[in-house]
Amino acid sequence: MENTPVDHPDHKYLEEALRIAEKFLSSVNENIRVKENQDRMEWLQQCVQNDLNLVFNSNTNKLGPRQLLHFGVFIKLKSNKELLGFLFNDFLLLVQPSKSIAGSQFLFQRNSNISYKMYKQPILIQNLSMNRESTDNIENGTDSNRVLNIVDDKSTYKIALLASTVHDCSLWMKRIEHVKEAYAKITSINHHVKRRTQPQMGPTCGRLLVLVQKGKRFISSGKPHSENIYCKVTLGAQELQTDIAKEHFNNGNVPQNGAPQIPPYLEL
């Protein structure tokens, strides 16, 4: 394109070729990121002792699929325990390795032969606060610019962590701030949608009418009995259901009395 005049007939085709190539590259990068995230979630599921029965590779309550956004090695001040921090889009997890990790950088494959246990219960993003530790509260000889103070606002639990470098400490703060901002934005949008009683038409707003036409396999086939039957409809973070039908179903499908279908409304 740099060597083709704008008024040349080929210029528009070059622009289209560049657009397609960039779109393809973006798709490849996204697929790689998704696969890498899945692999790391599986590693966490296998290597971290999980007394909470937490399923790492699953959907969050409000933010869609869980994503691992940042991780790294910390040293807990005073006790000098080595901890690993994993920042997800919905919580921060601290784990303790069974033996010291070689080097200041953590690599999943290289450290798969070590067992890990949760150091504390995960801190939800909405309860997570952080700040730089003051020099008055740390030992002499410790670089205060490397100390990150983590607080669980709900339980008031506090922990001071020493990052490997000043840059790493700053990066942790930026990543946590970004995650908290993203969470606040999503929850604010969801709260606004729930409070609206009338659809507000606009360039990015609308109302989607969903008519549930058929339902199958509500109850076991061949066992007619009374059940509270309904259909659930989801769109993004929204979730609605039809009115409950309290009718007798034969073969799990056909209502004897023809329960009315109430279509749910979803905001766009």
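One numbering rule holds for all chains: residues counted from 1, following each sequence as written. It should be noted that, the model being predicted, local features are given only for residues of pLDDT at least 70 and side-chain atom pairs only at 80 or more, the latter also being counted only at that level, while totals for whole chains, interfaces and linings use all residues. The side-chain quantities take in all heavy atoms of the structure and omit both hydrogens and water.

- Under an unreviewed UniProt entry, the name given to the chain is PH domain-containing protein, and the source organism is Rhamnusium bicolor.
- UniProt positions are given in the numbering used here, feature names are shortened, and annotations may be inferred rather than shown by experiment. Looking at the Subcellular location (unreviewed entry) heading of the UniProt record, one finds this comment for the chain: "Cytoplasm".

## Observations concerning the overall build of the chain
For step 1, the next point in the chain: In this text, helices come from DSSP runs of H or I with a minimum length of four residues, and strands from runs of E with a minimum of two, each type numbered from the N-terminal end. Summing up its helical and strand segments, the chain has two helices and 15 strands in all.
For step 2, the next point in the chain: Counting across all 268 residues of the chain, residues that qualify as buried make up 33%.
For step 3, the next point in the chain: Sequence-distant contacts, at least 24 apart, represent 52% of the contacts inside the chain between residues at least 6 apart.
For step 4, the next point in the chain: Of the roughly 17800 Å² of accessible surface on the chain, a fraction of 49% belongs to carbon and sulfur atoms. The rule is simple: take the accessible area with a 1.4 Å probe, protein chains only, and divide by the maximum for that residue type; under 20% is buried, over 50% is exposed, in between is partly exposed. In this analysis, two residues are considered to be in contact whenever any of their non-hydrogen atoms come within 4.5 Å of each other. The Shrake-Rupley method, run with a 1.4 Å probe, gives the accessible areas here. Residue values count only the displayed protein chains as cover.

## Considerations on the confidence of the model for the chain
For step 1, the next point in the chain: By definition, pLDDT measures how confident the predictor is in each residue, and it falls between 0 and 100. Across the chain, the average pLDDT comes to 79, with 73% of residues at 70 or higher.
For step 2, the next point in the chain: Contacts from residues 197–202, a stretch scored under 50 in pLDDT, to residues over four places away or in other chains number five contacts.
For step 3, the next point in the chain: In this model, residues 248–262 is a region of pLDDT below 50 whose contacts with residues beyond four sequence positions or in other chains number 32 contacts.

## Some points on the pairing of strand β8 (residues 147–152)
For step 1, the next point in the chain: Of all six residues making up β8, six are buried, and the element is well covered by its neighbours.
For step 2, the next point in the chain: Two strands are said to pair when DSSP picks up at least two bridges between them. Bridge count for strand β7 (residues 128–132) against β8 is five bridges, and the pairing is antiparallel. Of the residues in β8, the one forming a bridge with R132 is L148.
For step 3, the next point in the chain: As paired elements, β8 and strand β9 (residues 157–163) share six bridges and run antiparallel to each other. Paired with D152 across the strands is Y157, a residue of β9.

## Thoughts on the environment of T60
For step 1, the next point in the chain: By the element assignment, T60 lies in the loop between β1 (48–49) and β2 (68–76).
For step 2, the next point in the chain: The class for T60 is buried, based on a relative accessible area of 11%.
For step 3, the next point in the chain: Sequence separation between T60 and F91 is 31 residues, and the spatial gap between their C-alpha atoms is 9.9 Å.
For step 4, the next point in the chain: Excluding anything up to four places from it in sequence, T60 contacts P65, R66, N89 and D90.
For step 5, the next point in the chain: Between N or O atoms, a polar contact is any pair within 3.5 Å; within protein, one atom must be a potential hydrogen donor and the other a potential acceptor, and residues adjacent in sequence are included only when both atoms are from side chains. Here L63 takes part through its backbone nitrogen, which lies 2.7 Å from a polar atom of the side chain of T60.

## As for the side chain of T4
For step 1, the next point in the chain: Here T4 is to be found in the segment before α1 (11–47).
For step 2, the next point in the chain: Look past the residues within four positions of T4 in its chain and what remains in contact with it is H11 and L14.

## A word on the pattern of salt bridges
For step 1, the next point in the chain: For salt bridges, the criterion is a side-chain nitrogen of Lys or Arg within 4 Å of an Asp or Glu carboxyl oxygen. Throughout the structure, instances matching the rule amount to five salt bridges.
For step 2, the next point in the chain: Taking the shortest distance from any N to any O, the salt bridge between E16 and R19 comes out at 2.7 Å. Of this pair, E16 and R19 are both found in helix α1, three residues apart, which corresponds to roughly one turn of the helix.
For step 3, the next point in the chain: On the basis of relative accessible area, E16 is assigned to the partly exposed category, the value being 36%.
For step 4, the next point in the chain: Looking at R19, the relative accessible area reads 42%, which means it is partly exposed.
For step 5, the next point in the chain: Between K35 and D39 there is a salt bridge whose closest N-O contact spans 2.8 Å. Taken together, the positions of K35 and D39, both in helix α1 and four residues apart, correspond to about one turn of that helix.
For step 6, the next point in the chain: Of the residues examined, K35 reaches a relative accessible area of 45% and is grouped as partly exposed.

## Digging into a nonpolar patch on the surface
For step 1, the next point in the chain: Only residues whose relative accessible area exceeds 30% and that form no salt bridge enter a patch; like-charged residues are grouped when within 9 Å of one another, and nonpolar side chains (Val, Leu, Ile, Met, Phe, Trp, Tyr) when within 5 Å. A cluster of nonpolar residues, M1, L14 and L18, forms a patch on the protein surface that exposes about 230 Å² of accessible area.
For step 2, the next point in the chain: Within the secondary structure layout, L14 lies in helix α1.

## Notes on the pairing of strand β4 (residues 91–97)
Walk down a regular strand and you will see the side chains alternate between the two sheet faces.
For step 1, the next point in the chain: Counting buried residues along β4, six of its seven residues qualify, which places the element largely inside the surrounding structure.
For step 2, the next point in the chain: The sheet contact formed by strand β3 (residues 82–88) and β4 spans four bridges and is antiparallel. Each bridged residue has a counterpart across the sheet, and for F86 the counterpart in β4 is L93.
For step 3, the next point in the chain: Where β3 folds back on β4, the antiparallel hairpin that results is connected by two residues.
For step 4, the next point in the chain: When β4 meets strand β6 (residues 123–124), the two strands line up antiparallel, connected through two bridges. Within β6, the residue paired with L92 across the bridge is I123.

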